[in-house]
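Analysis of the macromolecular model
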Amino acid sequence: MARNGWQCRKHWLWSGFLLLLNLMIHVEYLVSAQECVWYGECQLVNGTEKHYNCNYTGPPKPLPHDGYDLMQELCPGYMYDNVSVCCDVQQLKTLKSSLQLPLQFLSRCPSCFYNLMNLFCELTCSPHQSQFMNATKFNPPYIDPETNETKTSITEAAYYIGQHFADAMYNACKDVEAPSSNEKALDILCGKDAKECNATNWIQYMFNTANTQTPFNIISIFSDYPQSGKIPMNNATKGCNESVDDSSGPCSCQDCSLVCGPKPEPPPPPKPWVIFGLDAMAVIMWLSYMGFLIVFLGAFLGIWCCRKKKLVSEYAPINSNLAYTFDSTVEGKPSSCESFGEHFENILRILFTKWGSVCVRYPYVIIFFTILFIAVCCSGLTFMKVTTDPVQLWSAPTSQARKEKEYFDSHFGPFFRTEQLIITAPNSNWTTYLPYNPGPPVPFGPPLSKDILDQVLDLQDAIEQIQAHYNNETVTLKDICLAPLAPYNNNCTILSVLNYFQNSHSVLNHTVQDDFWVYADYHSHFLYCVRAPASLNDTTKLHDPCLGTFGGPVFPWLVLGGYDADNYNNATALVITYPVNNYYNDTKKLNRVLAWEKEFIEFVKSYNNTNLSISFSAERSIEDEINRESNGDIKTVVISYAVMFVYITLALGHIQSCSRILVDSKVSLGIAGILIVLCSVACSLGIFSYAGISLTLIVIEVIPFLVLAVGVDNIFIIVQSYQRDERRQGEEPHQQVGRILGDVAPSILLSAFSETVAFFLGALSPMPAVRTFSIFAGMAVFIDFLFQVTCFISLLGLDLKRQESNRIDILCCIKQSTEEQKNTDGCLFKFFKYIYAPFVLKNWVRPIVISVFVGILSFSIAVLNKVEIGLDQKLSMPDDSYVVDYFEALGKYLHTGPPVYFVVEEGLDYTTLEGQNMICGGVGCNNNSVVQQIYTAALIPNYTRIGYSPSSWIDDYFDWVKPQSTCCRVYNTTGQFCNASVVDPRCERCRPLSPEGKKRPLGHEFMKFLPMFLSDNPNPKCGKGGHAAYSSAVNLVSNDTSVGATYFMTYHTILQTSTDYITAMRNARNLAANITKSLRVVENGYRVFPYSVFYVFYEQYLTIIHDTIFHLGLSLVAIFVVTAVLLGFEFWSAVMVCITIAMIVVNMFGVMWLWSVSLNAVSLVNLVMCCGISVEFCSHVVRAFSVSTKPTKAERAEEALAHMGSSVFSGITLTKFGGIIVLAFSKSQIFQIFYFRMYVGIVVLGAIHGLVFLPVLLSYLGPSVNKAKALSAMERHTGSDREGLLHF
């Protein structure tokens, strides 16, 4: 401790000594004679318009009065006594001119600019120059022709600068932003990347002739102690968190990290829900399943043992009739509900019986009116419109994203169309650049070799020359491209690394060299431009501009790909983007653009250069490829339906012997049934086409599959019910068909009406694709039902007459002499009745069935929350599409995501200080302003998905309008705007150089100069002109007297997966909502919202889970209500149906997880369809169970399965499998994944649940026999050949 205390005292003694020495030196400095190093300007620097300073070692000279204003503006600290300084008026003018660029970028932080001016004022004019400066090199003396005096030009000087001052100045300036380029200002002013910039190399760069602003080299020597007899300039500085004077405040948080405090930390990611270190859902469902097995199997074994002991001897077999005697009686009076249900069903039976008889007796009348109805409906197809616009397909007109898109388009114009190429050089190698200035070798990626850049420039030029033709007009890129400076500059916006070289081979080949060294070439120009893309002079010996020919900066993260961190020289891909004007409301102009895009696609497809690998896309590419995919899949769909058609026509026939094969076959009836199904689809399309409702590809591709499943099932039930039936004594054919229809039609009505209501309720969906599918599907299913109980019954009657008269199928004129037909049970029916149904309903099989299905359900629930949400863009394209390569290149090479605009709606008053502070990001602005909050979000890009600080028009406007700047000038005669590049004595500052004039413009003054700013083109003397960067960002209203809506643009981070896009949109909206809340502007009727071009497509995924639950739940409710009513108010039977359908749907999620099918609008449509098809699998079996009068539940379930199972199996399962298998061979990935995989799941799950699980469930928990129905059935069938179950 003693030793440490001595060391501490020693340190303070030494510090005190140094402080005393420093004070003595400063006293000596103050009392010493004032002496200059230079005064005035001398000879011109060779090859420039700049002058050397004149050598002068005398005392300071009084400044002429005409220089007082300049001195007050630039170096007010010298305005005392007679203003004796070491510079004349011309030197002050030169100083002001050379400081214009730093002024425009650093003056937004007053303390930073104050320190910088201190540095230059001391250098240029200080009366104590000789204390910290000396001239080190001179030109030979010469005689000035104007003054006839002998003068000597200083060609180099040494400037001793305090290290403390240098560090303080750098610390005050290092965070200052350049709002228009989303970069640090020192990227432009330091000569190298801001991350590599420090106090010494920044000052050295500013005093080096390489920056093109300094006429001669000034050697900077940094020290806090005297050196070589010189006392370093170590004036007091201001920190960025300090005010320069009473009229200004500290720098903003955006420009000064000290004001912000610590960097925001993103919230920790949500911890996964685990139990015992395992997924919680899996653990819970596993434990639940184990608990269920223990309880269920325990109860089963207990009941089995109890009944065995109680009812039979140990060695006797168990008699199920004894075991379930409580179900064996129909004694007692039926309840009022049972009676009402029986009366309701009896009414349906009577109506359909009479109607069936009428259809068979008058077939031609029914068929005529059916054809007439079809003709009228199908006439509507002439008005059919197919929607392929992704915006209309996936985004509801009333959705938030759609409204925001329309707001953006109406105020700022529609987002431009994008044509983009991603180019790699597979045959090129890495190269190494050795800079002339000392430094390590710099590697350059393969596409950045000069030879490749020349070839890419040739390609770029060739694309500019592409010509298209529309209505006898020639269309070129210049006719449609985005040209932000038109009409002053008609160059197209081409976001390409070659725009750093002005899209010119001569600039690309520009080199400064001698016999020994290459001082500057395209390497050095590239390295400068990626740091300062808005620069108009690269400050190397080339002095070429970086600003694009279209007048705007080309940011490196937009034109380069495959680099690491910010090392753009390591790029492995070049990105060329052509923004093209979009015309939503001008069909002619839009068609011109589409014509050019078509030629662009054909040109790039046919372009052949083995040195370049090109992935590309045009705005129309996705829509074109979807259309091509749809046309290409027509063959697949046709084959799929053909397979189903062939099966249906063959399976409907009931061949009893080889001799009757041509008579008993029902090919014509099968074809007629299929045509009826297709006509119902066409009628649905026609009806809604009359109403002006557009079709979608989902409707065209899915609904025929759905209606075919429903319709074919009903056809099989009707035909097979007749084939199994025996005509009663004295019964006419039309009476037999009517009786059969009376028996089966209520079941068909139950399924069809349940599906229709469920689908129509789906029209409540805000998602256009789901809503359109639902209404078309609901109408098609309903019309199909009508046709089947009318036209098909008439056709069946005609076919029966043909068959009974032994006429050959199809060739009805030919009569065959064969033995009399007799209806018998088919092979499939016999299999179900005598083998399958008894096996499934065995006492030992049923518990296994329940256990297995509950296990499957438990697994599906466990993975329910793991199904991925979204739609990978690549899946919407055919396998062989060039767009797939483009999407892969996007994910592999690009580093920046889509632009995002934070829009401030109209209503904010920008002319008030309060309104400005709510928006801007500079001095005096609120810490929770719009710009500041977006900037803060950009500090944690991995969480917020905001990649960069926003470009801020209002902050650049404040810099532009400052009186210290040469940007804002007007003619003193007319008051019109005078560009900074204009040399005219009539041009004067917009605002006076006074304390009041230096403040922000307010009121009328704000609006007076804003239009000038928005029309000013950037130039070397003023890089802040807002025409290129902000002309579309500000919506001027009321004849340019007020500001309407405005936006602040930035970029998302790179987004590759659907999850990335969804997260980016959600976080951007949360940020905008927080901004709106903090500004307290909601009560004023306006808000802040984010807009990006992809939001309208991905908004659906923010609510997809809610929408899925809503639609599936609504479908189940509809099915429950309809089933309960049409089953004669048997609510428990309706519960059985809904439980089974719910299990099918939940298990579909399990299939989706196993088979990598994501949840999106396409899969949601399929899930809604799954509910509809599941009704077919379940309702017929449940109704057969409900009307069965067998004594026990097990026997009732067995007979229901035996009679309905074969029809359901042959009508849906087998029919669909043939068609589904064909879909697996489709080139379309959407068909392979969302149709083949999901359809297989729907059919398999529907079949095993409807034909395995449901009968077993009914045997345990099915409703008891309806006494009223049982008594009615007994009365109805007394004396008939078959009694018991209604025959279907």
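Relevant structure appears above.
Residues numbered from 1 in each chain as written. Predicted model: local features only at pLDDT ≥ 70, side-chain atom pairs only at ≥ 80, totals over all residues. Heavy atoms only, no water.

1. Here we look at the pairing of strand β8 (residues 153–161)
Most of β8 is tucked away, with nine of its nine residues classed as buried. In the sheet, strand β2 (residues 51–55) pairs with β8 via two bridges, with the strands oriented antiparallel. Note on β8: the bridge partner recorded for Asn53 is Ile154. Taken together, the five bridges between strand β5 (residues 133–138) and β8 define a ladder with antiparallel strand orientation. If you follow Lys137 over to β8, its bridge partner there is Glu156. Strand direction decides the pairing type here: β8 and strand β11 (residues 217–222), joined by six bridges, are parallel. From the neighbouring strand, Ala157 faces β11, where its bridge partner is Ile218. (Buried < 20%, exposed > 50% of the residue type's maximum accessible area, 1.4 Å probe, protein only. Helix = DSSP H or I, 4+ residues; strand = E, 2+ residues; numbered from the N terminus. Pairing = 2+ DSSP bridges.)

2. Examining the sheet that holds strand β24 (residues 613–617)
As a general point, the strands of a sheet are linked pairwise by backbone hydrogen bonds and lie either parallel or antiparallel. Read across the sheet, four strands follow the order β22-β23-β15-β24 without closing on themselves; strand pairing throughout is antiparallel. Two strands close off the open sheet at either side, each with one partner strand: β22 (560–561) and β24. Here five bridges tie strand β15 (residues 417–424) to β24, and the two strands are oriented antiparallel to one another. Across the sheet, the residue bridging to Ile422 is Ser615, located in β24.

3. Quick word on the nonpolar core
Across soluble globular proteins, nonpolar side chains have a tendency to be buried as a group. Membership of the largest hydrophobic core comes to 363 residues, with the highest contact counts inside it found for Leu119, Trp202, Phe526, Leu560 and Phe773. For this core, the element with the highest residue contribution is helix α46 (residues 1229–1261), accounting for 20 residues. (Core = buried A, V, L, I, M, F, W, Y, C linked by side-chain atoms within 4.5 Å.)

4. A closer look at the sheet that holds strand β31 (residues 1088–1091)
A sheet is described by the order of its strands in space; here four strands give the open sequence β29-β30-β26-β31, paired in antiparallel fashion. If you trace the sheet from one side to the other, it starts and ends with β29 (1034–1037) and β31, each paired once. Adjacent strand axes in the sheet meet at a mean angle of 20°, parallel and antiparallel pairs treated alike. Alignment of strand β26 (residues 896–904) against strand β30 (residues 1042–1053), held across seven bridges, turns out to be antiparallel. Paired with Tyr901 across the strands is Met1049, a residue of β30. With respect to the sheet, helix α16 (residues 400–412) is in contact with β26, β29, β30 and β31, its orientation differing from that of β31 by roughly 90°. Most of the contacts of helix α40 (residues 1058–1079) go to β31, to which it runs at about 160°, and overall it touches β26, β30 and β31. (Axes fitted to C-alpha atoms, helices over the stretch in contact; angles between N-to-C directions. Contact = heavy atoms within 4.5 Å.)

5. As for the environment of Val923
By the element assignment, Val923 lies in the loop between α34 (913–917) and α35 (930–938). Once residues within four sequence positions are removed from consideration, Val923 is found in contact with Arg108, Cys109, Pro110, Gly249, Pro250, Cys251, Ser252 and Arg1000.

6. Some words on the pairing of β30
Within β30, 11 of the 12 residues are buried, which leaves it mostly tucked inside the rest of the structure. Both β29 and β30 contribute to a ladder of three bridges, which runs antiparallel. In the strand pairing of β30, Leu1036 is matched with Val1043. Between β29 and β30, which pair antiparallel in sequence order, lie four residues; one of them, Ser1038, sits at a positive phi of approximately 55°.

7. Regarding the environment of Val475
Within the secondary structure, Val475 is located in strand β19 (residues 473–475). Exposure remark for Val475: the relative accessible area of 0% places this residue in the buried category. The contact partners of Val475, leaving out residues within four places of it in the chain, are Ile466, Gln467, Ala468, Ile480, Arg592 and Trp596.

8. What to know about the side chain of Asp88
Counting through the fold element by element, Asp88 comes out in the loop between β4 (84–85) and α3 (89–98). Here Asp88 occupies a buried position and makes no salt bridge, while the nearest side chain of opposite charge, Lys151, is found at 7.3 Å. In this structure the side chain of Asp88 is engaged in a polar contact, spanning 3.3 Å, whose partner is the backbone nitrogen of Gln90. Beyond its immediate sequence surroundings of up to four residues, Asp88 is in contact with Tyr39, Gly40, Glu41 and Leu63. (Lys, Arg positive; Asp, Glu negative; His and termini not counted. Salt bridge = Lys/Arg side-chain N within 4 Å of Asp/Glu carboxyl O. Polar contact = N/O pair within 3.5 Å; in protein donor to acceptor, adjacent residues only side chain to side chain.)

9. Points about the packing of helix α5 (residues 110–125) against helix α7 (residues 163–173)
In contact at an axis separation of 8 Å, α5 and α7 are set at 145° when each is read in the N-to-C sense. The two elements α5 and α7 meet at a crossing, and its hand is left-handed. Taken together, the residues of α7 that come into contact with α5 (itself represented by Cys112, Asn115, Leu116, Asn118 and Leu119) are Phe165, Ala168, Met169, Ala172 and Cys173. The residue inventory of the contact of α5 with α7, partitioned by class, reads eight nonpolar, two polar and no charged. (Left-handed = near helix turned anticlockwise from the far one by under 90°. Nonpolar A, V, L, I, M, F, W, Y, C, P; charged D, E, K, R; others polar.)

10. With respect to the state of the cysteines
Scanning all chains against the criterion turns up 15 disulfides. Cys481 shares a disulfide with Cys492; S-S distance 2.0 Å. Taking the sign of the S-S torsion, about -80° here, the bridge from Cys481 to Cys492 comes out left-handed. Here Cys481 is found in the loop between α18 (477–480) and α19 (505–508), whereas its partner Cys492 is found in the loop between α18 and α19, with 11 residues between them in sequence. A relative accessible area of 5% places Cys492 in the buried class. With no disulfide partner, Cys1138 has as its closest neighbouring cysteine sulfur the one in Cys1178, 9.4 Å distant. (Disulfide = S-S within 2.5 Å.)

11. Examining the packing of aromatic side chains
Going through the model one piece at a time under the given rule, you end up with 58 aromatic pairs. Relative to Phe416, the ring of Phe415 has its centre 4.4 Å away and its plane inclined at 25°; by these criteria the two rings are stacked. Its relative accessible area of 10% is what places Phe415 among the buried residues. Ring centres of Tyr957 and Phe1013 lie 5.4 Å apart, and the angle between their planes is 45°; this geometry places the pair in the tilted category. Within this pair, whereas Tyr957 is found in helix α37 (residues 953–961), its partner Phe1013 is found in helix α38 (residues 1003–1015), the two being separated by 56 residues in sequence. Put simply, the rings of Phe408, Phe412, Phe415, Phe416, Tyr901, Tyr1047 and Tyr1091 touch in pairs and so form one group of aromatic residues. Sitting over the face of the ring of Tyr39, Lys61 holds its NZ or CZ atom 4.5 Å from the ring centroid. The ring centre of Tyr1260 lies 4.8 Å from the NZ or CZ of Arg846, which sits over that ring. (Phe/Tyr/Trp six-rings, centres within 6.5 Å; stacked < 30°, edge-to-face > 60°. Lys NZ or Arg CZ within 6 Å of the ring centre and 35° of its normal.)

12. Observations concerning the packing of α5 against helix α9 (residues 199–206)
Across the interface, α5 lies against α9 with an axial gap of 13 Å and an inter-helix angle of 50°. Relative to α9, the element α5 lies oblique. Every pair of crossing elements has a handedness; the one defined by α5 and α9 is right-handed. Between α5, through Leu116, Leu119 and Phe120, and α9, the contact on the second element is made entirely by Trp202, Ile203 and Met206. (Parallel < 35°, antiparallel > 145°, perpendicular 65-115°, else oblique.)

Remember that the coordinates give geometry; whether it matters functionally is a separate question.
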